[in-house]
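The lines below spell out each chain.
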Amino acid sequence: MRLVETRVSFYFLLLILLGGCATGSAIVVGEVRQAIEPSQVKLYLEPPETYETIGIVKASSDAGWTEQDSVDYAVEELKNQAAKLGANGVLIETTGQNNSTVIGGYGTGYLYAIPVTEQAVTGKAIYVAP
């Protein structure tokens, strides 16, 4: 019976690792424009000379095999959120980690709890005139 529990634990952990995804949100603080393709959104570490703030965007991800993969997925989701608002840029404000625990299931007399670390990114969704 112990072998079955070990296999279930392994497959559940694998499912969590492979099934992780990026999530994001946006708060509108300016004039929303027509949505654009996320590939058209440029990242900024320093503010451009002139720009218009459209919103505040946030994204996080626990997907990927490495920490960098998770950051990459979070950045892509950040661009997706900005593109929905019609922003052609994101002024990066913060990066970091969110830690949580996922309760996976019940074994013989104990609960499966798996620690999860998400990579998080926030920024201002901006419009920079061409």
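Everything numeric here is computed off the predicted structure, so don't read it as measured data.

Caption draft 1: Spotlight on the overall build of the protein chain. Of the regular secondary structure elements, the protein chain holds two helices and five strands. Reading the helices (α) and strands (β) of the protein chain from amino to carboxyl end gives α-β-β-β-α-β-β. A total of 130 residues make up the protein chain; the buried ones form 32% of that total. Once local pairs closer than 6 in sequence are excluded, the contacts in the protein chain between residues at least 24 apart make up 77%. Summed over its atoms, the accessible surface of the protein chain is roughly 8,100 Å², and 57% of this surface lies on carbon and sulfur atoms.

Caption draft 2: Up close: the packing of aromatic side chains. Tallied over the entire structure, the rule returns zero aromatic pairs. Note that Arg 33 overlies the ring of Tyr 127, its terminal NZ or CZ placed 3.7 Å from the centroid.

Caption draft 3: Region of interest: the pattern of salt bridges. Per the stated rule, a full pass over the model turns up one salt bridge. The salt bridge involving Arg 33 is made with Glu 52; its shortest N-O contact spans 2.9 Å. Residue Arg 33 is found in the loop between strand S1 (22–28) and strand S2 (42–44), and its partner Glu 52 is found in strand S3 (residues 52–61); the two are separated by 19 residues along the sequence. Here Glu 52 falls in the partly exposed class, since its relative accessible area comes to 26%.

Caption draft 4: Representation of the environment of Gln 34 within the structure. One can find Gln 34 in the loop between S1 and S2. Sequence spacing of Gln 34 and Ala 83 is 49 residues, and the spatial spacing of their C-alpha atoms is 8.6 Å.

Caption draft 5: Geometry of the nonpolar core. If you look at the biggest cluster of nonpolar residues, it comprises 15 residues, and the most contacted ones within it are Val 57, Leu 78, Ala 82, Val 90, Val 121 and Ala 125. Mapped by element, the contributors of at least two residues to this core are S3, helix H2 (67–84), strand S4 (89–106) and strand S5 (111–127). Element by element, the count of residues in this core is highest for H2, at five residues. Sequence-distant contacts of Val 57, defined by excluding residues within four places in its chain, comprise Ser 25, Ala 26, Leu 78, Gln 81, Ala 82, Leu 85, Val 90, Val 121, Thr 122, Gly 123 and Ala 125.

Caption draft 6: Quick look at H2. Helix length check: H2 (18 residues) gives 26 Å between terminal C-alpha atoms against 26 Å at 1.5 Å per residue, within 8%. Taken together, the buried positions of H2 are occupied by Ser 70, Ala 74, Val 75, Glu 77, Leu 78, Lys 79, Gln 81, Ala 82 and Ala 83. Immediately beyond the C-terminal end of H2, within one or two residues, lies Gly 86, with a positive phi of roughly 85°.

The rules behind these values
- By convention here, each chain's residues receive numbers from 1 onward along its written sequence.
- Where local features are concerned, this predicted model is filtered to residues with pLDDT of at least 70; where side-chain atom pairs are given and counted, the filter is 80 or more; whole-chain, interface and lining totals use all residues.
- Side-chain measures here rest on the full set of heavy atoms in the structure, leaving out hydrogens and waters.
- The helix and strand labels rest on DSSP assignments: H or I over at least four residues marks a helix, E over at least two residues marks a strand, and numbering proceeds from the N terminus.
- Partly exposed describes any residue whose relative accessible area lies between the buried limit of under 20% and the exposed limit of over 50%, with all areas from a 1.4 Å probe on protein chains only and scaled to the type maximum.
- Contacts between residues were defined by any pair of non-hydrogen atoms, one from each residue, lying within 4.5 Å.
- Note on areas: these come from Shrake-Rupley sampling with a 1.4 Å probe, and a residue is covered only by the protein chains present in the view.
- Two aromatic rings from Phe, Tyr or Trp, using only the six-membered ring of Trp, form a pair when their centres are within 6.5 Å; if the ring planes differ by under 30 degrees the pair is stacked, by over 60 it is edge-to-face, and anything between is tilted.
- We call a charge positioned above a ring when the Lys NZ or Arg CZ atom is no farther than 6 Å from the ring centre and deviates by at most 35 degrees from the ring normal.
- What makes a salt bridge here is a side-chain nitrogen of Lys or Arg within 4 Å of a carboxyl oxygen of Asp or Glu, nothing more.
- Nonpolar core, defined: a set of buried Ala, Val, Leu, Ile, Met, Phe, Trp, Tyr and Cys residues in which side-chain atoms within 4.5 Å join the residues together.
- Each helix should span, by expectation, one fewer than its residue count multiplied by 1.5 Å.

Any functional reading would require information beyond the geometric quantities listed.
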